[in-house]
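Next come the chains, spelled out residue by residue.
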Number of protein chains: 2
Amino acid sequence: MAMLMEGIAAPAGANNREAETVLILKATEDKFGGMIIDSPSLPRDTSVFLHSLQHSLVKWKAQGKRGVWLKLPLNQSELVHLAIQEGFKYHHAESTYVMLVIWLADDVPSTIPANASHQVGVGAFVLNSKGEILAVQEKSGVFQGGSIWKMPTGSVNQGEDIFAGAIREVKEETGIDTEFVQVVGFRQAHKVAFEKSDIFFLCVLRPLTSGITVQDTELTAAKWMPLAEFSAQDYLKQRKMLKKMLDVCIATTEEPAYQGFKMEDMQAGTGRRPQNFYYNA
Amino acid sequence: MAMLMEGIAAPAGANNREAETVLILKATEDKFGGMIIDSPSLPRDTSVFLHSLQHSLVKWKAQGKRGVWLKLPLNQSELVHLAIQEGFKYHHAESTYVMLVIWLADDVPSTIPANASHQVGVGAFVLNSKGEILAVQEKSGVFQGGSIWKMPTGSVNQGEDIFAGAIREVKEETGIDTEFVQVVGFRQAHKVAFEKSDIFFLCVLRPLTSGITVQDTELTAAKWMPLAEFSAQDYLKQRKMLKKMLDVCIATTEEPAYQGFKMEDMQAGTGRRPQNFYYNA
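Below is a summary of the structure that appears in this document. Quick caveat: nothing in here was measured; it's all calculated off a predicted structure.

Parameters and conventions
Residues numbered from 1 in each chain as written. Chains lettered and ligands numbered in written order. Predicted model: local features only at pLDDT ≥ 70, side-chain atom pairs only at ≥ 80, totals over all residues. Heavy atoms only, no water. Core = buried A, V, L, I, M, F, W, Y, C linked by side-chain atoms within 4.5 Å. Buried < 20%, exposed > 50% of the residue type's maximum accessible area, 1.4 Å probe, protein only. Contact = heavy atoms within 4.5 Å. Pairing = 2+ DSSP bridges. Helix = DSSP H or I, 4+ residues; strand = E, 2+ residues; numbered from the N terminus. Axes fitted to C-alpha atoms, helices over the stretch in contact; angles between N-to-C directions. Salt bridge = Lys/Arg side-chain N within 4 Å of Asp/Glu carboxyl O. Phe/Tyr/Trp six-rings, centres within 6.5 Å; stacked < 30°, edge-to-face > 60°. Lys NZ or Arg CZ within 6 Å of the ring centre and 35° of its normal. Buried area = accessible area lost by both parts, 1.4 Å probe. Polar contact = N/O pair within 3.5 Å; in protein donor to acceptor, adjacent residues only side chain to side chain. Nonpolar A, V, L, I, M, F, W, Y, C, P; charged D, E, K, R; others polar.

1. Re the nonpolar core
Here is step 1: Core analysis: the largest hydrophobic core is formed by 97 residues, its most contacted members being Phe186 and Phe201 of chain A together with Phe186 and Phe201 of chain B.
Here is step 2: Contacts of Phe186 of chain B, omitting those with residues within four sequence positions, involve Ile162, Val183, Phe186, Phe201, Phe261, Asn276, Phe277 and Tyr278 of chain A together with Ile199, Phe200 and Phe201 of chain B.
Here is step 3: One finds Leu70 of chain A together with Leu70, Leu82 and Ala93 of chain B within the second-largest nonpolar core, a separate group that totals 50 residues.

This is the structure we're talking about:
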């Protein structure tokens, strides 16, 4: 039984038609006094959906419900427009669905949580025992097609740990296995993509292997390069941020050594959600 | 002139109707071989929109275009369903619009950038010259309704600097003016809201004022509290993460002092986009 039947009502303008069953949409309560509409059980008939939604919102508002969430997958996109007509707004979207929300409590400020605001990137300083840095040349991006050697960089995936993202990117781009040592700094920038901000974590990784396999979809080349040669590249003179990042990485190899943030897994033994704390251990 | 006229074509199934003008949607090229459809100029007639979209996609694909972006504000939500029928997927959404995208290049892997994956939060350790910590009690959240005293915390707004977010939250919640000193650590957690991850930056701020004004929409109380009393609270014994965070903050007041990451504005004089670098200066 996908929905709860509730009473009989005639939709507006339907005086001379047959009475129509109005349904309250199936929904679950959230922890914050709101309702989450159960998408799989929604009526496929758009007219039934619309009347049921209208009726449900009136009822929930009378009950003091606050936010109402409606997650619509691609194959229910015909309902997006109807929900928006009833006052829903977009909250966020992923490839396969859009999440809509409406705030019903006129007298209470909205406590609807913000959408994700940041992308997260990583860069990796990988120095071997010969004093050579793992350097790559990229096919696309700011330095595409040039002769610029840079550190491996990439995006942290949704749900991925920062340290794990750095290890993965180095492995994907160069085939080199590494272990995480520390985050030596991070850069925040704004309006990097779609008005979103970006936090880039600069990581020091220790190489565990030496044989390079170049990932040719993203890179034109990868190699172990003497650090002095890498540092002497012209583009670093014009790129204050990149120069500073390299300086900080190099400082970790000097005495007294620069101290960044190590990672500690804080979940162990707590039964709580996975979480890592990065700090100057 | 909102759109470019291009030829005359009859839509499928319209053999006996009048020939209909098919329009190529107005669009601009992006830097990555894609097209960005100009939303304000879209036809309001859904049938014209659909035929124009179909025709445009065929043309752009033949031209070797790759990604096609379609940003639809709330008042054009009737077009969402039509675009999805033609193969568009959701990319992201904000309150007032949804962004759709389609990848046309069958033989090239999609390079469509990921959506934002992280929310960013801040917490503030604010200690005055009497050794008192700025402590608050919250109306909602994990500790709602209890007698727990905690540091002020909040979310960083889209486009807001981390250090500025911390200063703003303290000001909003308690009325205290502060200046940023350093980030002493950060915690990454996953699936915090809507499958998104969260990075929480623990900041030390220096108080510039002392008179507290409690923000009563979010808080039940705020006060300056002896640090020893704050640290002795029972809940910290069961909360390994919160205890570690407090320990790190306290370590900044001891000798030799714990060193976190200071902030440096890296934009100055570069003419590039605003960006801040946080590192152990």
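From this point, the narrative continues.
2. Some details on the sheet that holds strand β7 (residues 97-103) of chain B
Residues and elements named next belong to chain B.
Here is step 1: Taken together, five strands build an open sheet; the order of strands is β3-β4-β5-β7-β6 and the sheet is mixed. Each edge of the open sheet is held by one strand with a lone partner, namely β3 (27-29) and β6 (89-94). Averaged over all pairs of adjacent strands, the angle between their axes in this sheet comes to 20°, without regard to strand direction.
Here is step 2: Where β6 meets β7, five bridges bridge the pair, whose relative direction is antiparallel. Each bridged residue has a counterpart across the sheet, and for Ala93 the counterpart in β7 is Val98.

3. Some words on the pattern of salt bridges
When their charged atoms lie close together, side chains carrying opposite charge are able to pair.
Here is step 1: The full count for this structure, using the stated rule, is 26 salt bridges over all chains.
Here is step 2: Between Lys244 of chain B and Glu264 of chain A there is a salt bridge, with its nearest N and O atoms 3.7 Å apart. With Lys244 of chain B in helix α6 (residues 240-251) and Glu264 of chain A in strand β14 (residues 262-265), the pair connects residues from two separate chains.
Here is step 3: Accessibility expressed as a relative area gives 26% for Glu264 of chain A, which makes it partly exposed.
Here is step 4: Look at the salt bridges and you will find they share partners, linking Glu160, Arg168, Glu169 and Glu172 of chain A into a network.

4. What to know about the sheet that holds strand β3 (residues 27-29) of chain A
Residue and element names in this part refer to chain A.
Here is step 1: Reading across the sheet, the five strands line up as β3-β4-β5-β7-β6 and stay open at both edges, with mixed pairing between neighbours. Unpaired on one side and paired on the other, β3 and β6 (89-94) mark the two borders of the sheet. Here the average twist between neighbouring strands, direction ignored, is 20°.

5. A look at the packing of aromatic side chains
To describe a pair of aromatic rings, you give the distance between the ring centres and the angle between the ring planes.
Here is step 1: All told, the structure shown has 17 aromatic pairs over all chains when counted by the stated rule.
Here is step 2: Ring geometry for Phe163 of chain B and Phe180 of chain B: centres 5.9 Å apart, planes at 55°, overall tilted. Separated by 17 residues along the polypeptide, Phe163 of chain B in helix α3 (residues 162-174) and Phe180 of chain B in strand β11 (residues 178-193) bring together distant segments of the chain.
Here is step 3: Between Phe277 of chain B and Tyr279 of chain B the ring centres are 5.0 Å apart and the planes differ by 20°, which places this aromatic pair in the stacked class. No difference in accessibility class separates Phe277 of chain B from Tyr279 of chain B, as the two residues are buried.
Here is step 4: Over the face of the ring belonging to Tyr97 of chain A we find Lys71 of chain A, whose NZ or CZ atom lies 4.4 Å from the ring centre.

6. Considerations on the interface of chain B and chain A
Here is step 1: Of the residues lining the interface, 76 residues belong to chain B; the matching set on chain A comes to 76 residues.
Here is step 2: Buried surface at the junction of chain B and chain A, both sides included, amounts to about 6800 Å², of which 61% is carbon and sulfur.
Here is step 3: Inspection of the chain B/chain A interface yields two salt bridges.
Here is step 4: On the surface where chain B and chain A come into contact, there are 33 residue pairs in polar contact (both at pLDDT 80 or more).
Here is step 5: In terms of residue count, the dominant contributor to the side of chain B that touches chain A is β11 of chain B (10 residues).
Here is step 6: When grouped by side-chain class, the residues that make up the side of chain B that touches chain A number 37 nonpolar, 23 polar and 16 charged.

7. A look at the side chain of Gln137 of chain B
Residues and elements named next belong to chain B.
Here is step 1: Along the polypeptide, Gln137 turns up in strand β9 (residues 132-138).
Here is step 2: We classify Gln137 as buried; its relative accessible area is 11%.
Here is step 3: A polar contact is formed between the side chain of Gln137 and the backbone oxygen of Ser147, at a distance of 3.1 Å.

8. As for the side chain of Asn276 of chain A
Here is step 1: If you trace the backbone, Asn276 of chain A turns up in strand β15 (residues 275-279).
Here is step 2: Of the polar contacts made by the side chain of Asn276 of chain A, one reaches the side chain of Asp161 of chain A; its length is 3.0 Å.
Here is step 3: Not counting the four nearest positions on each side in its chain, Asn276 of chain A is found in contact with Asp161, Phe163, Met263, Glu264, Asp265 and Met266 of chain A together with Phe186, Arg187 and Gln188 of chain B.

9. As for the environment of Ser117 of chain B
Here is step 1: With respect to the element layout, Ser117 of chain B can be found in the loop between β7 and β8 (118-126).
Here is step 2: Those residues in contact with Ser117 of chain B that lie beyond four places of it in its chain are Ala116, His118, Gln119, Val120, Val156 and Gln158 of chain A together with Lys196 and Ser197 of chain B.

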